[in-house]
Amino acid sequence: MSELLEIRWHGRGGQGAVTSAELVALAAIEEGKFAQAFPSFGPERRGAPVLAFNRISPDQPIRTRTTVEHPDIVVVLDTTLLSIVDVTSGLKEDGTIIVNTHKAAADAKSELGNHWRIAVVNATAIARETLGAPIVNTTMLGALVKATRVVEMESLAEPIKERFGLRAKVNIDACRRAYQETSVFERETAATKRRKAFQAERLLSWRELLVGCVVAESGSASQYRTGDWRSQHPVWDYEKCNSCGLCYLFCPEFCVKLNKEECFEADLYYCKGCGICSQECPKQAISMVQES
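The structure reproduced in this document is the subject of the present report.

Definitions and limits used
- Residues numbered from 1 in each chain as written.
- Predicted model: local features only at pLDDT ≥ 70, side-chain atom pairs only at ≥ 80, totals over all residues.
- Heavy atoms only, no water.
- Helix = DSSP H or I, 4+ residues; strand = E, 2+ residues; numbered from the N terminus.
- Polar contact = N/O pair within 3.5 Å; in protein donor to acceptor, adjacent residues only side chain to side chain.
- 1 Å grid on protein atoms, 1.4 Å probe; cavity = no way out; pocket = protein on both sides within 12 Å on 5 of 7 lines; lining within 4 Å.
- Points joined across faces, edges and corners; volume = space filled by probe spheres on them.
- Nonpolar A, V, L, I, M, F, W, Y, C, P; charged D, E, K, R; others polar.
- Pairing = 2+ DSSP bridges.
- Axes fitted to C-alpha atoms, helices over the stretch in contact; angles between N-to-C directions.
- Contact = heavy atoms within 4.5 Å.
- Buried < 20%, exposed > 50% of the residue type's maximum accessible area, 1.4 Å probe, protein only.
- Disulfide = S-S within 2.5 Å.
- Patch = residues over 30% accessible without salt bridge, like charges linked within 9 Å, V, L, I, M, F, W, Y side chains within 5 Å.
- Areas by Shrake-Rupley, 256 points an atom, 1.4 Å probe, with all protein chains shown as cover.
- Salt bridge = Lys/Arg side-chain N within 4 Å of Asp/Glu carboxyl O.

1. Some points on the side chain of D78
For step 1, the next point in the chain: Structurally, D78 is set in the loop between β4 (73-76) and β5 (96-100).
For step 2, the next point in the chain: Among the polar contacts listed, one links the side chain of D78 to the side chain of R12, at a separation of 3.4 Å.

Structural data, given as C-alpha cells:
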C-alpha cells in the first residue's frame, strides 16, 4: 500500500460496523501506520442503516476528516442493504466490494455487476455457529483481510482482545474462519481474460481451485482434477463382472467408462472415490481400495 486507502462500511445498527472500523484502525496503528475510524449516523434505532469509515496511510498523517465518498473498499455487513442503499456509490474503478451473503458467488456477482473485485462470505452463518449470535463485525474483518490485506490477521488479535475481553477467543476464531471461507473474484479485465485463456489450455489441480471448490465460470468443470480429492478408488474384478453397466449408470461424476478391452473402469482423473459403483454392483465385482 503506497497511498491513502479509504474504506466505507455499510451495516445496520447493532451489527458492529462501527466496531469493525475501530478495530481496523487500531490494527493499522499497531503496524506503525496512520489511521482513523469514525461513524456517520443520526438518531437511528437498532436495525437501521448506518455507515462507518476508515482511512489508512502508510507513512503520512491524515488531515482529512470528511466522510468517505470515493472508497477503495466497501464492506457490506447485511445483504438486504443492497436493495435499499447504493453501496457502490463512488467506489473506485479498481475497488473491492466485500459482501456478507448466503447467496452463491455467481448470484452476488450478477447483482453487483462486473465492475469491481467482489468478495463474498456467509458471515452470518459463521457468527451464529462461532459466536452464538448474528453479529458479524469480527467475522467481516476476516473477509476484509482475505480480500485486501489492508492489515495482517495477527495485527487484529490484540485490538480484539482489548475490545472483547473474555469473548476474544471466539471472536478471533470467527475472524479466522471467515478468512478461510471468503471467496474473491477479480474484475473482468483484459489481464484476467488472458489469464483465463491461459488456464483453459491446461488442466487445473485441486490446489488451484477457489475456496470451497466453487465453479466460478460455466464450462470449466472438466478442467478440475477432482480425482486429487480421493482417499480410495474402485477396482474391478473382471471375472465377476458381467458388464451390466450399473456402475456406469450410477456414477454421479459420469467417470465410469469402457476401456479398450470393452471393460468398465473409472477415469481416475475425475473419480472422487465415493464408492457408489461398488455399493450398486449386483455381482460385488467392484472393491474400494485405499489410495496410497
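2. A look at empty space enclosed by the protein
For step 1, the next point in the chain: Following the criterion strictly, the structure yields two cavities of 30 Å³ or more and no others.
For step 2, the next point in the chain: There is about 90 Å³ of room inside the largest cavity.
For step 3, the next point in the chain: Forming the boundary of the largest cavity are 15 residues, of which C251, C255, C271, C274 and C277 lie nearest the centre.
For step 4, the next point in the chain: Grouping the constituent residues of the lining of the largest cavity by class yields 11 nonpolar, two polar and two charged.
For step 5, the next point in the chain: What lines the second largest cavity is a set of 14 residues, and nearest its centre among them are C241, C244, C247, C281 and I286.
For step 6, the next point in the chain: Split by residue class, the lining of the second largest cavity holds 11 nonpolar, three polar and no charged.

3. Comments concerning the sheet that holds strand β2 (residues 34-40)
For step 1, the next point in the chain: Within the open sheet, the seven strands sit side by side as β2-β3-β1-β4-β5-β6-β7. Their pairing is mixed. Of all strands in the sheet, those bounded by a partner on one side alone are β2 and β7 (183-185). On average, each strand axis in the sheet is tilted by 15° relative to the strand beside it, whichever way the strands run.
For step 2, the next point in the chain: Direction of pairing for strand β1 (residues 5-12) relative to β4: parallel, over a ladder of four bridges. Residue pairing for β4: H10 is matched across the bridge by V76.
For step 3, the next point in the chain: Together, β1, β2 and β3 (49-57) form the strand contacts of helix α1 (residues 17-30), whose direction differs from that of β3 by roughly 10°.

4. Some thoughts on the environment of A25
For step 1, the next point in the chain: Along the polypeptide, A25 turns up in helix α1.
For step 2, the next point in the chain: What makes A25 buried here is its relative accessible area of 6%.
For step 3, the next point in the chain: Considering only alpha carbons, one finds A25 and Q36, 11 residues apart in sequence, at a separation of 5.7 Å.
For step 4, the next point in the chain: Sequence-distant contacts of A25, that is, excluding residues within four places in its chain, are made with A35, Q36, A37 and N54.

5. Points about the state of the cysteines
For step 1, the next point in the chain: Enumeration according to the criterion identifies zero disulfides in this entry.
For step 2, the next point in the chain: Here C281 stays unpaired: no disulfide links it, and the sulfur of C244, its closest cysteine neighbor, is 6.0 Å away.

6. Comments concerning a nonpolar patch on the surface
For step 1, the next point in the chain: On the surface, Y248, L249, F250, F254 and I276 cluster together into a nonpolar patch covering about 500 Å² of accessible area.
For step 2, the next point in the chain: At three residues, helix α8 (residues 246-250) tops the list of elements feeding residues into the nonpolar patch.
For step 3, the next point in the chain: With respect to the element layout, F250 can be found in helix α8.

7. What about the pairing of β1?
Working note: regular strand, side chains alternate between the two faces of the sheet.
For step 1, the next point in the chain: The element β1 is largely enclosed, with a buried count of eight among its eight residues.
For step 2, the next point in the chain: Of the two faces of β1, both are covered, the one formed by L5, I7, W9 and G11 as well as the one formed by E6, R8, H10 and R12.
For step 3, the next point in the chain: Here eight bridges tie β1 to β3, and the two strands are oriented antiparallel to one another. Each residue of the ladder has a partner; that of G11, found in β3, is V50.

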